[in-house]
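# Architecture at a glance
Here is what each chain is made of, one letter per residue.
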Amino acid sequence: MLVPAFQFQLKTPIIKGLATVGKYDGKHPSLTFATSAGKVQMHNPFERSISGNTESRFLNINKQITALSAGALDKEMGRDVLMVGTATNLLVYDVEENSDIFYRDVPDGVNAMQFGEVGSDGETMCVVGGNCSIQGFDAEGNEVYWTVTGDNVTSLTLCDVDMDGKSELLVGSEDFEIRIYQDDEVLSEVTETDAVVGLSPLHHNRYGYALANGTIGVYEGSTRAWRVKSKNHVNTIIGFDLDGDGEPELISGWSSGRFEVRSDRSGEVIYKQKFPEPLAHLVAADYRMDGRTEVMACAIDGEVRGYLPADGELIVMNEEDTMENDAMKDLLQRKRELQAEITAYEEMAKNRGKNQGIVPSDTRVSYSWNLNQEEKCVELKISTTNNAMIRTVVIFAEQLFEGESFVIHATNPSNTVNVPLRPSKDLSTDLFVKVLVCNRANAEEFHVFEQAYKLPKFAMYIPINARESDRPVSSVTFPFKESVSRIVAWMKDAFNIKYDASDLSSVSVAFRSLRSGNIVWLQVAEAQKEFKIFSDEMEVCGEIIQDLSGIFGFTHLESVADFPKEMEEFKNVLMRVDEFNTTRLKLTAEMADSSNMVKALVIKAEDARILGDMDHMRKMYSELHNVNRELVGDHMKRANNHNELLAALKEVNQV
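Residues numbered from 1 in each chain as written. Predicted model: local features only at pLDDT ≥ 70, side-chain atom pairs only at ≥ 80, totals over all residues. Heavy atoms only, no water.

## Section: the overall build of the protein chain
- Along its length, the protein chain carries five helices and 41 strands.
- In terms of overall dimensions, the protein chain has a C-alpha envelope of 105 × 75 × 55 Å along the principal axes.
- Going through the 655 residues of the protein chain one by one, you find that 45% of them count as buried.
- In the protein chain, the proportion of contacts linking residues at least 24 apart, taken out of those at least 6 apart, comes to 51%.
- For the protein chain, the exposed surface amounts to about 33,600 Å²; the carbon and sulfur share of it is 49%.
- Put simply, the protein chain has 67 plus and 102 minus side-chain charges, and the middle of one group is 6 Å from the middle of the other. (Helix = DSSP H or I, 4+ residues; strand = E, 2+ residues; numbered from the N terminus. Buried < 20%, exposed > 50% of the residue type's maximum accessible area, 1.4 Å probe, protein only. Contact = heavy atoms within 4.5 Å. Areas by Shrake-Rupley, 256 points an atom, 1.4 Å probe, with all protein chains shown as cover. Lys, Arg positive; Asp, Glu negative; His and termini not counted. Charge placed at Lys NZ, Arg CZ, Asp CG, Glu CD.)

This is the structure we're talking about:
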C-alpha cells in the first residue's frame with residue numbers, strides 16, 4: 001500500500017495532463033504546471049522568489065498551452081530546461097537564466113510531448129506530436145527527427161518494446177492505434193477501441209495505456225496482458241514501483257477523483273484513494289529531497305498529495321506464494337460458479353411441472369456468415385438445429401460496437417436470427433456470442449449457448465465476376481515465392497470465401513467493398529512468382545500486404561506501387577497547402593502593418609489629449625476604432641485559413 005507523505009494546496013487550477021517536475025537550478029525540484037490564461041506556474045518549496053517572497057514563480061506564455069515537459073535537453077548545461085508546447089509553437093526555456101533557449105514554429109501543433117533519448121543513436125531530444133506528424137528537436141532547436149502517423153497524436157512515451165536495450169517511441173493517436181517506432185519506421189501497431197489518451201512505460205517491454213472511453217490496461221510487447229473499463233474518464237497514468245520489486249505498478253487518476261494503483265501483471269487493485277476533485281496529472285519525483293521518490297497526485301483545483309510505499313507494512317510474497325494465492329482465488333471463483341449452477345438447476349427442477357420451458361437435449365446452435373449487399377453489411381446468421389426458439393443474442397466484441405456489446409431481443413422469437421455487422425475498418429476481431437434459447441415464446445427458463453467466433457479481417461468484401469475493364473488502374477506489385485495453394489488458403493480465411501480453384505498455377509479474384517463500393521482485384525501467377533493487388537484505395541492495399549506479411553512472416557518486402565489517382569489528389573492537396581501558406585503570410589504582413597498603425601494612432605491621440613486638441617483626439621480614436629475592427633476581421637480570416645491549412649496538412653501526412 002501507499003502512505004501519505006505530504007499535502008499542500010496551490011490555490012491555482014491545474015490544467016488536465018499539463019504538469020511535470022524539473023530541477024531548473026540543477027538541485028531543487030520544482031513542480032511545474034499549466035494554469036489558466038496561458039500561464040505556467042513553478043512551485044519550489046526550497047527557495048522563495050525574490051520578487052514575491054513566495055514559493056511560486058509564473059511564466060506568461062500568452063497562448064493556450066497544449067503540452068509540457070522538463071528535462072536536461074543539453075546535458076552539458078547541468079540542469080533541466082522547461083519545454084512548452086502550444087497549438088503553433090514550441091518554446092524551450094531556461095528558467096534559471098530567465099531566457100529563451102529556442103522558439104520554433106510547429107505548423108502541425110503540439111498535442112503531446114516526450115523528452116528522452118530517441119532513435120538507434122540514442123540522441124537526447126524533445127519529441128512533439130501534432131497533426132499526424134512527429135518531430136524531434138535537439139538542444140539548439142534543430143529538427144533532427146521527423147515522421148508521420150495515421151491521425152492526430154494524443155500521447156507519446158518511450159519504452160524498450162523489442163528488448164534490444166534501446167527505447168522505441170510509442171505513439172497513441174485518435175484513430176485508436178498504438179504505433180511503435182524504431183527511428184522513423186513502424187515496428188508494429190495495435191488497434192484499440194477508442195482514442196489513446198495516455199501511455200506510460202512500466203518494466204522491460206511492458207507499458208500501460210489509457211483510452212478516451214475509460215479503459216486502462218497493460219501491453220507486453222504487442223500482446224495485451226489485461227485491461228479494465230470504467231464509466232469514468234481516465235485523465236492520467238504513470239508507472240510507479242509500489243512494492244519495491246523493481247517492477248512499477250500502473251497508477252491511474254480519474255475524472256471522478258479516484259486515485260488507483262493496479263498490479264502491472266494482473267490488473268488487480270492494490271490501493272485506492274478518493275480526491276474531492278478530478279485528478280489533473282500524476283508525476284514521480286524526490287520532491288522532499290530525502291532520497292525517496294514520491295508519486296505526486298495533482299488535482300485540478302490545485303491540491304497536491306505525495307505518497308510513499310509503506311515500509312515494513314507491505315508483505316512481499318515470493319513467487320510460489322503468489323502462484324498459490326492466484327490458484328486459490330481461481331478455485332474459489334469456480335466454486336461460486338458451480339454453486340450458482342446448482343441453485344439454478346434446483347429451481348428449474350422445482351418449476352419443471354409448472355413451466356415446460358426446457359429445450360430438447362439435442363438442441364444445437366449453428367453459425368454462418370452472409371453478405372448483404374442491399375444493407376451493406378455482414379450478417380452473422382445464428383440458428384438452432386431444431387424448432388427451439390432464440391429469444392436473445394448478446395455479442396461482445398472490441399472495435400466493432402459502441403460500448404463493445406450488441407444485444408438483439410426478439411419480440412416474436414424464431415429459430416433463426418440475423419445479426420448485422422458493419423465494421424468501420426478492416427479488422428479481425430473475436431466475437432463472444434451468448435444465445436438464449438427456449439422451446440416456446442412465453443417460456444421463463446432459457447438455455448444459454450456460448451460460442452467464440454472470429455470475424456475475418458476482410459469480411460466486408462464480396463466476390464464478384466468483374467470484367468477486365470473494371471480492373472482498377474492503381475496497383476501494388478511485389479515478388480511472392482509461396483505456392484498458390486497457400487494463397488488460396490489465406491484468401492479463404494481472410495475474406496471468408498469458398499474458392500475451388502481447378503488450376504493452382506494462378507489465381508485471379510475480384511472483390512467489391514460493401515463500405516465504399518470500390519473493387520479490389522488480387523492476381524497471383526506462380527510462374528512469375530509475383531503478387532498483384534489492384535485497388536484505387538492505398539490504405540486497402542496496405543492492409544492486405546500487412547496481413548500477408550503477418551501470415552507468411554515477411555519482415556521486408558520490396559514492392560512497386562502505382563497510384564495515379566492518389567498522386568493527382570496529393571498534388572492538388574500540396575497546391576492547396578501552398579495557397580494557404582501564401583494567404584497566411586499575406587495576412588500576417590497586413591496585420592503587422594495594422595499593428596504599427598495602431599501604435600501611431602495611440603501616440604497621436606495621446607499627444608492631442610495633452611495639447612488639449614479634443615477634436616483631433618476624437619478623430620484619432622475614431623480611426624483607431626476602425627483599424628481595430630479591421631484587425632479583428634483579419635484575425636478571423638487568419639484563424640479560418642489556419643484551420644483549413646491544418647486540414648490540408650493532415651491529408652498530406654496521411655498519404
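## Quick look at helix α3 (residues 538-552)
- With 15 residues, α3 ought to run about 21 Å at 1.5 Å a step, and its terminal C-alpha atoms sit 21 Å apart, in line with that.
- Those residues of α3 not exposed but buried are Val540, Cys541, Ile544, Ile545, Asp547, Leu548, Ser549 and Phe552.
- Where α3 is buried, its residues meet β36 (461-464), β37 (475-479), α2 (484-494), β39 (519-525) and β40 (530-534).
- Downstream of α3 by one or two residues, Gly553 has phi in the positive range, about 75 degrees. (Expected span 1.5 Å × (residues − 1).)

## Let's talk about the sheet that holds strand β23 (residues 249-254)
- Pairing is antiparallel across the open sheet formed by four strands, whose spatial order is β22-β23-β24-β25. Bordering the open sheet on either side are β22 (234-240) and β25 (269-274), each of which pairs with just one other strand. The sheet shows a mean angle of 15 degrees between the axes of neighbouring strands, direction not considered.
- In this sheet, β25 lies alongside strand β24 (residues 258-262) in antiparallel orientation, the contact comprising five bridges. (Pairing = 2+ DSSP bridges. Axes fitted to C-alpha atoms, helices over the stretch in contact; angles between N-to-C directions.)

## Section: the packing of aromatic side chains
- Within this structure, the stated rule accounts for 24 aromatic pairs.
- Relative to Phe137, the ring of Phe102 has its centre 6.4 Å away and its plane inclined at 40 degrees; by these criteria the two rings are tilted. Of the two residues, Phe102 sits in strand β9 (residues 99-105) while Phe137 sits in strand β12 (residues 133-137), which places them 35 residues apart along the sequence. In this pair, the class of Phe102 matches that of Phe137, namely buried.
- Each residue in the set Phe458, Tyr461, Trp490, Phe495 and Phe511 is aromatic and connected to the rest through ring pairs, giving one cluster.
- Positioned above the aromatic ring of Phe275, the side-chain terminus of Arg305 is 3.9 Å from the ring centre.
- Just above the ring of Phe534 sits the side chain of Arg471; from NZ or CZ to the centre is 4.5 Å. (Phe/Tyr/Trp six-rings, centres within 6.5 Å; stacked < 30°, edge-to-face > 60°. Lys NZ or Arg CZ within 6 Å of the ring centre and 35° of its normal.)

## Examining the environment of Phe8
- Within the fold, Phe8 resides in strand β1 (residues 2-9).
- Separated by 296 residues in the primary sequence, Phe8 and Val304 have C-alpha atoms spaced 5.5 Å apart.

## Here we look at the pattern of salt bridges
- According to the stated counting rule, one finds 32 salt bridges in the structure shown.
- Residues Glu247 and Arg206 are paired through a salt bridge, measuring 3.0 Å at the closest nitrogen-oxygen approach. With Glu247 in the loop between β22 and β23 and Arg206 in strand β19 (residues 206-211), the pair connects residues that are 41 residues apart, well separated along the chain.
- On the basis of relative accessible area, Arg206 is assigned to the buried category, the value being 3%.
- Put simply, Asp290 and Arg288 hold a salt bridge, and the shortest N to O gap is 3.2 Å. (Salt bridge = Lys/Arg side-chain N within 4 Å of Asp/Glu carboxyl O.)

## Description of unusual backbone geometry
- Residues other than glycine seldom take positive phi values, yet Asn98 does so here, at roughly 55 degrees.
- Assignment of secondary structure puts Asn98 in the loop between β8 (89-94) and β9.
- Backbone geometry at Phe176 places phi at a positive 75 degrees, although glycine is not the residue there.
- Tracing the chain through its elements places Phe176 in the loop between β15 (168-173) and β16 (177-182).
- Classification of Phe176 as partly exposed rests on a relative accessible area of 29%.

## Section: the domain arrangement of the protein chain
- On domain assignment, one finds that the protein chain holds domain 1 (63-191), domain 2 (314-347), domain 3 (365-455), domain 4 (461-562) and domain 5 (565-654).
- Computed from C-alpha atoms alone, the centre-to-centre distance between domain 3 and domain 5 is 58 Å. (Domains from an automatic or database assignment.)

## Overview of the pairing of strand β34 (residues 429-438)
- Here seven bridges tie strand β31 (residues 389-396) to β34, and the two strands are oriented antiparallel to one another. Counterpart to Val393 in the pairing with β34 is Val435.
- Pairing of β34 with strand β35 (residues 447-455), which is carried by nine bridges, proceeds in the antiparallel orientation. Residue pairing for β35: Phe432 is matched across the bridge by Ala452.

## Some thoughts on the side chain of Arg305
- Its place among the elements puts Arg305 in strand β28 (residues 303-309).
- For Arg305, the side chain forms a polar contact with the side chain of Glu303, separated by 2.7 Å.
- Discounting chain neighbours no more than four positions away, the residues touching Arg305 are Phe6, Gln7, Gln273, Lys274, Phe275, Pro276, Val295, Met296 and Ala297. (Polar contact = N/O pair within 3.5 Å; in protein donor to acceptor, adjacent residues only side chain to side chain.)

## Notes on the confidence of the model for the protein chain
- Counting all residues, the mean pLDDT for the protein chain is 87, and 93% of those residues have values of 70 or more.
- The element-level mean pLDDT for the protein chain is lowest in helix α1 (residues 319-350), coming to 72, with β19 highest at 96.
- Counting interchain partners and residues more than four positions distant, the pLDDT-below-50 stretch residues 312-320 has seven contacts. (pLDDT = per-residue confidence, 0-100.)

## A short note on the sheet that holds β19
- Reading across from one edge, β18-β19-β20-β21 is the order of the four strands in this open sheet, with antiparallel pairing throughout. For this open sheet the edge positions go to β18 (196-201) and β21 (223-229), each flanked by a neighbour on one side alone. Ignoring strand direction, the axes of neighbouring strands in this sheet form an average angle of 20 degrees.
- Two strands pair when backbone bridges link them, and strand β20 (residues 215-220) and β21 are joined in this way by six bridges, in the antiparallel orientation. By the bridge assignment for β21, Glu220 is matched with Thr223.

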